[in-house]
Structure formats: structure tokens, C-alpha cells
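# Summary of structural features
Now for the letters of each chain:
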Amino acid sequence: MKTRALKTKKGFTLIETLVAIAIFAFSITGLISITATGVFDTNFVKNKFTASYLAMEGVELVRNIRDTAAVSGQSWGVIINDPTLLEQCFDDKVCMIDPDPQPDFDSPIIPAECPGAICPALSYRKSEASFNYDLPDNVDNLQSIFVRTINMQLISPFEARVISRVEWNQGSELRHVEFSFNLLDWPSP
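What counts, and where the lines are drawn
- Residues numbered from 1 in each chain as written.
- Predicted model: local features only at pLDDT ≥ 70, side-chain atom pairs only at ≥ 80, totals over all residues.
- Heavy atoms only, no water.
- Helix = DSSP H or I, 4+ residues; strand = E, 2+ residues; numbered from the N terminus.
- Buried < 20%, exposed > 50% of the residue type's maximum accessible area, 1.4 Å probe, protein only.
- Core = buried A, V, L, I, M, F, W, Y, C linked by side-chain atoms within 4.5 Å.
- Contact = heavy atoms within 4.5 Å.
- Pairing = 2+ DSSP bridges.
- Salt bridge = Lys/Arg side-chain N within 4 Å of Asp/Glu carboxyl O.
- Phe/Tyr/Trp six-rings, centres within 6.5 Å; stacked < 30°, edge-to-face > 60°.

## Quick notes on unusual backbone geometry
The bulk of non-glycine residues show a negative phi, and the bulk of peptide bonds are trans. In the Ramachandran plot, Asp 91 falls in the positive-phi region, its phi being about 65 degrees despite a non-glycine side chain. Considering the arrangement of structural elements, one finds Asp 91 in the loop between helix 2 (76-81) and strand 1 (95-96). A relative accessible area of 57% means that Asp 91 is categorised as exposed.

## Quick look at the nonpolar core
Val 62, Leu 86, Ile 97, Met 152 and Val 162 are the most contacted members of the largest nonpolar core, which has 19 residues in total. Looking at this core, the elements that each hand over two or more residues are helix 1 (14-71), helix 2, strand 6 (147-156) and strand 7 (159-170). Per element, the largest residue contribution to this core is five residues, and it comes from helix 1. Residue contacts for Ile 97: discarding those within four places in its chain leaves Leu 61, Val 62, Ile 65, Ile 109, Pro 111, Tyr 133, Arg 148 and Ile 150. One finds Leu 54, Ala 55, Leu 122 and Val 177 within the second-largest nonpolar core, a separate group that totals 14 residues.

## Points about the pairing of strand 7
For strand 6 and strand 7, the ladder comprises nine bridges, and the chain directions are antiparallel. If you follow Arg 148 over to strand 7, its bridge partner there is Val 166. Joining the antiparallel neighbours strand 6 and strand 7 is a turn of two residues. Here strand 7 runs beside strand 8 (residues 173-184); their pairing, made up of 12 bridges, is antiparallel. Each bridged residue has a counterpart across the sheet, and for Arg 161 the counterpart in strand 8 is Asn 182. Between the end of strand 7 and the start of strand 8, which pair antiparallel, lie two residues, with Gly 171 showing a positive phi angle near 65 degrees.

## Quick notes on the environment of Ser 180
Looking at where Ser 180 falls in the secondary structure, it is placed in strand 8. Taking the relative accessible area as the measure of exposure, Ser 180 reaches 48% and is therefore partly exposed. Between the C-alpha atom of Ser 180 and that of Met 56, which follows or precedes it by 124 residues, the distance is 8.7 Å. Among residues more than four places away in sequence, those in contact with Ser 180 are Arg 161, Val 162 and Ile 163.

## Quick word on the environment of Met 56
Relative to the elements of secondary structure, Met 56 occurs in helix 1. Exposure remark for Met 56: the relative accessible area of 35% places this residue in the partly exposed category. Sequence spacing of Met 56 and Phe 181 is 125 residues, and the spatial spacing of their C-alpha atoms is 9.5 Å.

## Side note on the pattern of salt bridges
Oppositely charged side chains can form a pair if their charged atoms are brought close together. On inspection of all chains with the given rule, the structure shows six salt bridges. Between Glu 173 and Arg 175 there is a salt bridge; the shortest N-O distance is 3.8 Å. Taken together, the shared-partner salt bridges connect Arg 165, Glu 167 and Glu 178 into one network.

## A look at the side chain of Thr 149
Looking at the element boundaries, Thr 149 is found in strand 6. Take Thr 149: its relative accessible area is 16%, and that puts it in the buried class. Aside from chain neighbours lying at most four places away, what touches Thr 149 is Val 94, Cys 95, Cys 119, Ile 163, Ser 164 and Arg 165.

## A word on the packing of aromatic side chains
Inspection of every chain in the model, using the stated rule, returns four aromatic pairs. Relative to Trp 168, the ring of Phe 146 has its centre 6.0 Å away and its plane inclined at 55 degrees; by these criteria the two rings are tilted. With a gap of 22 residues between them, Phe 146 in the loop between strand 5 (141-143) and strand 6 and Trp 168 in strand 7 connect regions that are remote in the sequence. There is no split in this pair, since Phe 146 and Trp 168 are both buried.

Set out below in C-alpha cells:
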């Protein structure tokens, strides 16, 4: 009589399957974590670049006010003490300067003191891809996350330091970029 041995098929046991699923799940979790970190870092870099340009623009706006006043024959003392020019930006005050206060580009750029040393957030104008202080009341203007403050300190009768600071909230942290520039008097014509 012939006896046949039963052939057993080899396969995965339940424990081997669970271990394989656990390894796969840990791998996917790691990839998702790395992707999330990359997205956060990309947003941070984008916001930091934008804030840097807005801070540089703040310094350039003050320089523009100084240059325009000097070309029209106003002296340094008038420029820094005139309430319609830069007086509200000095000492412990912070001001905001709108690069486009009126639609006709002939109007002078005039700083405004921030109430309670808290400036409003800039609005983003989608049609022109620019930032200003227009209210986000129509579909073209969106409230941005960036707040720009400008402060000036008199160093000497002929020199002032302009400090332009842009802050924004990212995650749970308040981030900022700050540029400073020493502005010198122009000789009167």
C-alpha cells in the first residue's frame, strides 16, 4: 500500500501579514510627515520673501518722501518735522505709508500714524499683484497676513535711521523681518 504524504502549501501566516502591514503603515506615516514639513517650509520661505520685499519697500517709501520734498526745495528740518511728511514716524511712534494713496499718481505719499502703535494689516490687490492699505471690501482686495510698521530715529541733525518691520503669524509663532537704513540730508537747492 502506498502512502501519500500530505503536501503542505507554504504561505504567509497572520503574524507575518500584520508585521508587513505595520512596516508599510510606518513608512507611509514617515512620508506624510516629510511632505507636511516640506509644505510648511515652502510656505514659510514664500512668506519670508514677501515680508522682505515689503520691508524694503517701506524704506524706499520713506526715501521717496525725502527725495520728493528735497527736489521741491524743502529742507531736512521741514521734512522731519512736517506733520504731512515724516514727523509722525519719529521717536516712539510708528507709521504706515501707503504706496498708492490715490489713483492719480500726482498725489504725494503721506504717512499716517498707526493708532495705538498697532498698524493694520496690508491688503493684497489681486489685479495688480500689489499690497496697500485699501480695505478688503471688494473681490479685488484680500486681507493679507502682513503688518508693516515704519519707525524713524534721529541720529544727528543731518541723519535719521529708518526701520521698516513686517510681521506675520505663521502657525502659532509671530515671525518678522526688519530692515534699517540710514537716511542722510540732501543739500537744499
